[in-house]
Amino acid sequence: MKKKTFQIAFMPYAPIEEKFSLGQYEIWPFYKEAEKMINDKEALEQLRKFFGRYFEFKRQKELKSHGEQLCQVIIISPQDFKIGQDMLSENQKIEIQSVAHILAFSSIFEIGFTSTTSDPFLVHLQGFVKNEEGMTVWNKAYTNYSLFKVLKPLYVESSLFPYRPTDLSKALAKSLELKESNKNVKRILHSLELIYHTVTFGEMITNEHRLLTLVMAFEVLLDFENKLDFVKSIQRYINDHNPTYVEREIYSERNKKQLQKWSITSWWIYDLYDLRSEIIHGENAQWKLKEYGFIWQRVSFAGNLLKRIYKILLREVGLWKDDFMSSLVEVYDMDEKLVEIINEFKEMNPEVYNEK
């Protein structure tokens, strides 16, 4: 008789210290909560052995070892899910990935931008058979735990702030219940997935790739058709109290030159799309000719724009309600933020800025 394989979803490197809930899912530290969360003793013992093979990589003057055991592993499980007894459905697997995308976005764009990486929130879906050792790493099967160690990748940043759920992350997780019935919710979740891939430190990811997925995060959210439509779509969600206007010459939809007066946030969108087009068409993308900074300055500002749009769309389905303090924060205009970015970049990189 074939033995049953169970699954567990976990994030081995997430900066989470305490248990909390997001929507229909529990996020909890394994070593701190396992005895409360796992009633199946065989499954609990199996997972202790399994997670015991995950190690922290330590930079040392003399490498006498390959690291020390990870002190914490974070589990994502559906509410009332019995590990070692229940099976994850295909829908639950998809939603668990969405929860990870929400955690990453909230961690980076709400809690702190000091370390811009989604990598600690990478979800692993691992199968296990009770009372049997075994694991698959990079499609290689190991039948004995003593045969392998899993070392934390060097590019997985460790300096993210300890995560706590925010009002926005709770609202986004709650929106999962509407993903099949509301097209805007479905677009939000797709956008979160793309921004998640934008902010990875993965060694194979280039800045050009990051910028393309960044633009795609807006495109799937707003469903625009071209550059001018992109600008108009963003303008519908920006209501700055003190916009900074700039007049420039552009080509109209009829391919005629005309003077256009827009806020600098609108011009940021316009130039972002131009940069995206240069990359797609194989042109020499002129990063240094753009005054808004390089990729991480763009990602930081884009995250603030996306955050505002997510809240507006969630408000439309009754999942977001501005309180007094959050309303004060929203008054902090996008143009004002962008002026700060431009001035800071200009001060730190005068030689680049002057190449325009």
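I will try to describe carefully the structure that is included in this document. (Residues numbered from 1 in each chain as written. Predicted model: local features only at pLDDT ≥ 70, side-chain atom pairs only at ≥ 80, totals over all residues. Heavy atoms only, no water.)

**Here's the deal with unusual backbone geometry**
Now for step 1: Look at D80: it is not a glycine, yet its phi comes out positive at around 65°.
Now for step 2: As for its placement among the helices and strands, D80 is situated in the loop between strand 6 (74–78) and helix 3 (90–111).
Now for step 3: Even without a glycine there, the phi angle at N131 is positive, about 70°.
Now for step 4: Note on N131: relative accessible area 56%, which makes it exposed. (Helix = DSSP H or I, 4+ residues; strand = E, 2+ residues; numbered from the N terminus. Buried < 20%, exposed > 50% of the residue type's maximum accessible area, 1.4 Å probe, protein only.)

**Quick look at the sheet that holds strand 4 (residues 54–56)**
Now for step 1: The strand order 5-4-10 describes an open sheet built from three strands, whose pairing is mixed. The open sheet has two free edges, formed respectively by strand 5 (68–69) and strand 10 (150–151), since each of these has just one partner strand.
Now for step 2: Sheet topology note: the strand 4/strand 5 ladder contains two bridges and is antiparallel. Along strand 5, the bridge assignment pairs F55 with Q69. (Pairing = 2+ DSSP bridges.)

**Description of the packing of aromatic side chains**
Given two aromatic rings, one states the distance between the centres and the angle between the planes to describe the pair.
Now for step 1: Going through the model one piece at a time under the given rule, you end up with 24 aromatic pairs.
Now for step 2: Measuring from centroid to centroid gives 4.8 Å for W268 and F301, while their planes differ by 70°, and the two rings are edge-to-face. You can see W268 sitting in helix 8 (residues 264–280) and its partner F301 sitting in helix 9 (residues 295–316), a full 33 residues away along the chain.
Now for step 3: Take W268: its relative accessible area is 2%, and that puts it in the buried class.
Now for step 4: The structure contains a cluster of three or more aromatic residues connected by ring pairs, namely F10, F30, Y31, F50, F51 and Y54.
Now for step 5: A cation over an aromatic ring shows up here: K149 above the ring of F55, its NZ or CZ 4.4 Å from the ring centre. (Phe/Tyr/Trp six-rings, centres within 6.5 Å; stacked < 30°, edge-to-face > 60°. Lys NZ or Arg CZ within 6 Å of the ring centre and 35° of its normal.)

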